[in-house]
Each structure stands twice: as C-alpha cells, then as structure tokens.
Amino acid sequence: MPHATPFPTAPARTAAVAARATDLSKVYGQGETRVVALDSVNVEFGRARFTAIMGPSGSGKSTLMHCMAGLDSISAGSARIGDVELASLGDKQLTRLRRDKIGFIFQAFNLLPTLTALENITLPMAIAGRRPDQDWINRVVETVGLSGRLSHRPAQLSGGQQQRVAVARALAARPEIIFADEPTGNLDSRSGAEVLGFLRESVRAMDQTVVMVTHDPVAAGYADRVVFLADGRIVEELPEPTADAVLDRMRMFETKGRTN
C-alpha cells in the first residue's frame, strides 16, 4: 500500500528556496477599522542563509514572520515552506508542519521550569513521539556551548544560557527553517552576541536556514541579507550587511518618514 502524502505539494520548485511569499497580504478588521499589515509582499528566503527582517514599529515585520511560520492566516496571496502551500493545510496538517519542519526562537525563552536543559531541548521530539538523533543533539549542544549545563534547570541558568537552550531546542529536530523573533531582546550585549554567533554558526556549519526579526542593526549585521519593510511593503534589501550600513539605511528611512 503506498504511503499517504503528509502535506499537499505544489509542482517542484528550486531547492535553493526554503520559504517564499508571493503577493502576500494580511488585513485586519473591516471598514473604518481596516488595517493592511502586509501589502502584496514578494520575498524568498534561501536555504542555508541567514536573513534579517527590519523595519519601524508597525511596518509588518513580525506579521510577515508569523504568516510565513503558519502562526497567522493570510488574507491573499501565497505563503510556502518549501513546496508546501500553507493555506492548503488543515489545522492538523499545519500543526504537524510547524512541529516537523519549523523551529521557533522568541524573545521570551519559553522554557519549562521543571525540566532540565536537555529535557527542554528534546521536548518537541518527545511530544511528537520521535527518538532524538543523539549524534545530532551532541553536535547542537557543542555548537551552542551547553555541554556543561544539560542537567541544570532554567532557574539555574543565566538569561544568555536560557536562550542558548532555546536555540538548541529549535535546532534539535533539524527543521527546514528557523524563525527567530527578537531573539536577543532580553539579553545583554555580550549574551546577545553569543546567541547571534550560534545562529550564524548553525547556518555556516549545519546548513540551517534562519529568518530573524530584529530592530537591532548589530544583530542584523550577523545576517547574510537584510530585508527592510515599511507600511507593509518591502522597500529595500541589503546583501552582506554590516551594522553601520544597516544603521545608515534605518536613518534614511526615518528621514523619509519625517519628510513625507
């Protein structure tokens, strides 16, 4: 008996693209309360690449990430992870796709306080009933520098160490793509630099794909590319960014905003 296909698929597309938005729009409310959060956005996120999404408050950057991660529905257009069209999935299929193909890192660490670091790292696989690949877990733990902290509970770890656990948890299941929403927002500059270094290393050494929402030019400087949003639209992209180049772009957008 042939195996059932777990997700509806579209015709084959280039393997270089991990996720894609096509004419993606997101609208909240109706009538006088109608707000266009995303306005016909077209963007691709390449495999084994680190992309930062930036923009002023209300620009739509978090909305774009949530729609691409299947955490929020779209109003029009298309959002795909690989060749899977998210709008074609039922609730159970969408839950399974998020569990199996997507990793999440948020500003809040979202660790369970009663579990050890290792138990938090492997929790998603335990919930899914999958046995962890121990060699891979060991590699992830070594990459994020947690080898001596696996038996510690979150309260016994610093903020930076807790976020390392969250990074390791996102990497542990080998997702196709990791979405990170302000992952260094609750960290001091040193801990933030460590976490960003681990994400950078996961892309370089593990071929991981990372999409990060941030307001911090220094954080964006770790990425391979920065996508800038304003008023729900992509207004510019910056390849091979530096913190200074990102800061210059942000100042330019702020100046335009004041003069318009």
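Conventions adopted
- The residue numbers shown here count from 1 along each chain, following its written sequence.
- Per-residue local features are limited, in this predicted model, to residues with pLDDT of at least 70; the limit for side-chain atom pairs, both in listing and counting, is 80 or more; totals at the level of whole chains, interfaces and linings are taken over all residues.
- Hydrogens and water are ignored here; the side-chain numbers use all heavy atoms of the structure.
- Put simply, DSSP marks the helices as runs of H or I at least four residues long and the strands as runs of E at least two long, and each gets a number from the N terminus on.
- The quantity called the radius of gyration is restricted to C-alpha atoms. Its globule counterpart is 2.2 Å times the number of residues to the power 0.38.
- Residue exposure (1.4 Å probe, protein chains only): buried if accessible area is under 20% of the type maximum, exposed if over 50%, otherwise partly exposed.
- Methods summary: accessible areas were calculated by the Shrake-Rupley approach with a probe of 1.4 Å, and residue burial reflects only the protein chains presented.
- Here the positive residues are Lys and Arg and the negative ones are Asp and Glu; neither His nor the chain ends is included.
- Lysine's charge is taken at NZ, arginine's at CZ, aspartate's at CG and glutamate's at CD.
- Paired strands, as defined in this entry, are two strands with at least two bridges between them according to DSSP.
- Here, axes are lines fitted to C-alpha atoms. For helices the fit covers the stretch in contact, and angles between N-to-C directions go from 0 to 180 degrees.
- In what follows, a contact means two residues having at least one pair of non-hydrogen atoms within 4.5 Å.
- Along the arc lie the directions from the helix axis toward the C-beta atoms.
- Put simply, buried Ala, Val, Leu, Ile, Met, Phe, Trp, Tyr and Cys residues joined by side-chain atoms within 4.5 Å make one nonpolar core.
- Any pair of Phe, Tyr and Trp rings, taking the six-membered ring for Trp, is counted once the centres come within 6.5 Å. Such a pair is stacked with planes under 30 degrees apart, edge-to-face with planes over 60 apart, and tilted for the rest.
- In our convention, an over-ring charge means Lys NZ or Arg CZ found within 6 Å of a ring centre and within 35 degrees of that ring's normal.
- Every residue gets a pLDDT, meaning the predictor's confidence in that residue, from 0 to 100.

**A few points about the overall build of the chain**
Summing up its helical and strand segments, the chain has eight helices and 10 strands in all. Relative to a compact globule of 260 residues, whose C-alpha radius of gyration would be 18 Å, the chain shows 19 Å and is just as compact. On the principal axes, the C-alpha backbone points of the chain span a range of 55 × 55 × 35 Å. Residues classed as buried in the chain amount to 46% of the 260 residues present. Surface accessibility of the chain: about 13000 Å² in total, with carbon and sulfur atoms responsible for 49%. Each charge class in the chain can be summarised by its mean position, and for the 30 positive and 29 negative side chains these summaries are 4 Å apart.

**With respect to the sheet that holds strand β8 (residues 210-213)**
Taken in spatial order, the six strands of this open sheet run β6-β7-β8-β3-β9-β10, and their pairing is mixed. Edge positions in the sheet fall to β6 (102-106) and β10 (233-239), since each has one partner strand and no second. Ignoring strand direction, the axes of neighbouring strands in this sheet form an average angle of 20°. Pairing of β6 with strand β7 (residues 177-181) involves five bridges; the strand directions are parallel.

**Topic: unusual backbone geometry**
Leave glycine aside and you will find that most residues have negative phi; peptide bonds, for their part, are mostly trans. The phi angle at Ala-48 is positive, at roughly 55°, despite the residue not being glycine. Mapped onto the elements, Ala-48 comes out in the loop between β2 (35-46) and β3 (50-54). A positive phi angle, near 55°, is found at Asp-231, a position not held by glycine. Here Asp-231 is to be found in the loop between β9 (225-230) and β10.

**Examining the sheet that holds strand β1 (residues 17-28)**
Taking strand neighbours across the sheet as the criterion, the four strands line up as β2-β1-β4-β5 in an open arrangement whose pairing is antiparallel. Looking at the sheet topology across the chains shown, the edges are occupied by β2 and β5 (84-85). Sheet strands in contact with helix α1 (residues 61-68) are β1, β2 and β4 (76-81), and its direction is about 120° off that of β1.

**What about the environment of Leu-64?**
Along the chain, the position of Leu-64 falls in helix α1. In this structure the C-alpha to C-alpha distance between Leu-64 and Gly-232, which are 168 residues apart in sequence, comes to 8.6 Å. Aside from chain neighbours lying at most four places away, what touches Leu-64 is Leu-24, Leu-38, Val-41, Ile-53 and Leu-229.

**A word on helix α2 (residues 91-101)**
Within α2, burial applies to Leu-94, Leu-97 and Lys-101. All buried residues of α2 lie within an arc of 70° about the axis, which places them on one face of the element. In this structure, α2 carries Asp-91 and Lys-92 as exposed residues pointing more than 90 degrees from its buried face.

**Quick notes on the nonpolar core**
Counting residues in hydrophobic clusters, the biggest one holds 42 residues, and the most contacted among them are Val-226, Phe-228 and Val-246. For Val-246, the contacting residues outside a window of four places in its chain are Met-54, Pro-217, Ala-220, Val-226, Phe-228, Leu-238 and Pro-241. Core analysis: the next-biggest nonpolar cluster, separate from the first, contains 29 residues, Ala-21, Leu-24, Val-211 and Val-213 among them.

**Side note on the packing of aromatic side chains**
Inspection of every chain in the model, using the stated rule, returns one aromatic pair. Geometry around Trp-136 places Arg-174 over its ring, the cationic atom sitting 4.0 Å from the centre.

**What about the confidence of the model for the chain?**
When the pLDDT values of the chain are averaged, the result is 87; 92% of them are 70 or greater. In this model residues 1-15 is a low-confidence stretch, pLDDT under 50, and it forms 23 contacts with partners more than four residues away in sequence or in other chains.

**Some points on the pairing of β1**
Pairing geometry for β1 and β2, over eight bridges, is antiparallel. The residue bridging Val-27 from the neighbouring strand is Val-36, located in β2. Adjacent in sequence and paired antiparallel, β1 and β2 are bridged by six residues, among which Gly-29 carries a positive phi angle near 75°. Pairing geometry for β1 and β4, over five bridges, is antiparallel. In the strand pairing of β4, Ala-19 is matched with Ile-81.

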